[in-house]
Amino acid sequence: MLDKDIKDLKVLIPEDRIQSKVKELAQQIENMFPSDEDIYVICVLKGSVMFCADLVKYIKGKVRMEFIRISSYGNETKSTNNLQAIDLTLPDLNGKNVIIVEDIIDTGLTAKFLVDLFKIQHKPKTLLFVSLLNKKCARQTKIEPDIYGFEIDDKFVAGYGLDYKGYFRNLPYIGYFPN
Ligand code: 5GP
């Protein structure tokens, strides 16, 4: 049984703020690439599904979408440092423009794993790490996203793709459970 109810979730970032930020980030990304070059957007499932889907809608350009799946939290609300690569199947990205799209950067371990992997295995021409949320204060690595939407405190958040025990991903806003 789920021990939290949607009524317990306090809104942290409302839908309209998310949407205008996503448009802003898309514009920033669009301006970074020549319009005739392919941009490979890598959606890191499952958490970045909403953010990535919205982001690509606002990028005018030759966008190609790819999906990988990683799990780091399991059913916990703290990073377990136990990263599980579930599916990393990708096409040849050698010499391509690549954007890794994440929902949130917390300890930074997932980001570091992905950036190292892409640099070593795929050798892209350009590699950008984009995250909607940035929990700067929880960082355990030196890595920072190239572009991010909102800096947040070290609290567990859910909604807009981010889950609590598999629930709340469908919400159009981001919330947290007050203690
Ligand atoms: P990191 O490796 O930076 O510690 O964590 C990255 C992953 O942990 C994210 O992609 C996300 O799946 C999960 N995560 C980190 N913080 C939160 C949070 O506050 N809420 C939820 N639902 N997931 C989180």
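Structure: above.
Residues numbered from 1 in each chain as written. Predicted model: local features only at pLDDT ≥ 70, side-chain atom pairs only at ≥ 80, totals over all residues. Heavy atoms only, no water.

**Here we look at the side chain of Glu102**
Its place among the elements puts Glu102 in strand β5 (residues 97-105). Of the side chains with opposite charge, Arg169 lies nearest to the buried Glu102, which makes no salt bridge, at 9.2 Å. Not counting the four nearest positions on each side in its chain, Glu102 is found in contact with Val44, Ser48, Phe51, Thr110, Leu114, Phe129, Val130, Ser131 and Leu132. (Helix = DSSP H or I, 4+ residues; strand = E, 2+ residues; numbered from the N terminus. Buried < 20%, exposed > 50% of the residue type's maximum accessible area, 1.4 Å probe, protein only. Lys, Arg positive; Asp, Glu negative; His and termini not counted. Salt bridge = Lys/Arg side-chain N within 4 Å of Asp/Glu carboxyl O. Contact = heavy atoms within 4.5 Å.)

**Concerning helix α2 (residues 49-58)**
Along α2, the residues that are buried comprise Phe51, Cys52, Asp54, Leu55 and Val56. Those residues of α2 hidden inside the fold are in contact with α1 (15-32), β2 (38-45), β3 (62-71), β5 and β6 (126-134).

**Points about the packing of aromatic side chains**
Scanning all chains against the criterion turns up 3 aromatic pairs. An angle of 70 degrees between the planes, with centres 5.9 Å apart, marks the rings of Phe156 and Tyr164 as edge-to-face. Given the relative accessible area of 4%, Tyr164 is considered buried. In textbook terms, an aromatic cluster arises when at least three aromatic residues are bridged by ring pairs, as seen for Phe156, Tyr164, Phe168 and Phe177. The ring centre of Phe150 lies 5.4 Å from the NZ or CZ of Lys21, which sits over that ring. (Phe/Tyr/Trp six-rings, centres within 6.5 Å; stacked < 30°, edge-to-face > 60°. Lys NZ or Arg CZ within 6 Å of the ring centre and 35° of its normal.)

**Considering the site of the ligand**
Taken together, 18 residues form the shell around the ligand, and within it Asp106, Thr107, Thr110, Val157 and Asp163 come nearest. Here Glu102 contributes a side-chain N or O atom positioned 3.1 Å from an oxygen atom of the ligand. Taking Gly108, its main chain carries an N or O atom lying 2.8 Å from an oxygen atom of the ligand. Burial of the ligand by the surrounding chains reaches 92%, relative to a free accessible area of 510 Å². (Near = heavy atom within 4 Å. Polar contact = N/O pair within 3.5 Å; in protein donor to acceptor, adjacent residues only side chain to side chain. Areas by Shrake-Rupley, 256 points an atom, 1.4 Å probe, with all protein chains shown as cover.)

**Quick word on the sheet that holds strand β8 (residues 157-158)**
One open sheet accounts for 3 strands, arranged β1-β9-β8; its pairing is antiparallel. Looking at which strands have only one partner, the edges of the open sheet turn out to be β1 (10-13) and β8. Note: β8 against strand β9 (residues 174-176), 2 bridges, orientation antiparallel. The partner of Val157 across the bridge, within β9, is Tyr176. (Pairing = 2+ DSSP bridges.)

**Brief notes about the pattern of salt bridges**
Tallied over the entire structure, the rule returns 12 salt bridges. Residue Asp3 pairs with Lys165 through a salt bridge whose shortest N-O separation is 3.6 Å. Here Asp3 is found in the segment before β1, whereas its partner Lys165 is found in the loop between β8 and β9, with 162 residues between them in sequence. Across the salt bridge formed by Lys60 and Glu30, the nearest N and O atoms sit 3.8 Å from each other. With Lys60 in the loop between α2 and β3 and Glu30 in helix α1, the pair connects residues that are 30 residues apart, well separated along the chain.

**So, the pairing of β6**
Most of β6 is tucked away, with 8 of its 9 residues classed as buried. When β5 meets β6, the two strands line up parallel, connected through 8 bridges. By the bridge assignment, Ile100 is partnered in β6 with Phe129. The parallel pair β5 and β6, bridged by helix α3 (residues 109-122), forms a crossover whose chirality is right-handed. (Right-handed = clockwise from strand over helix to strand, strands pointing away.)

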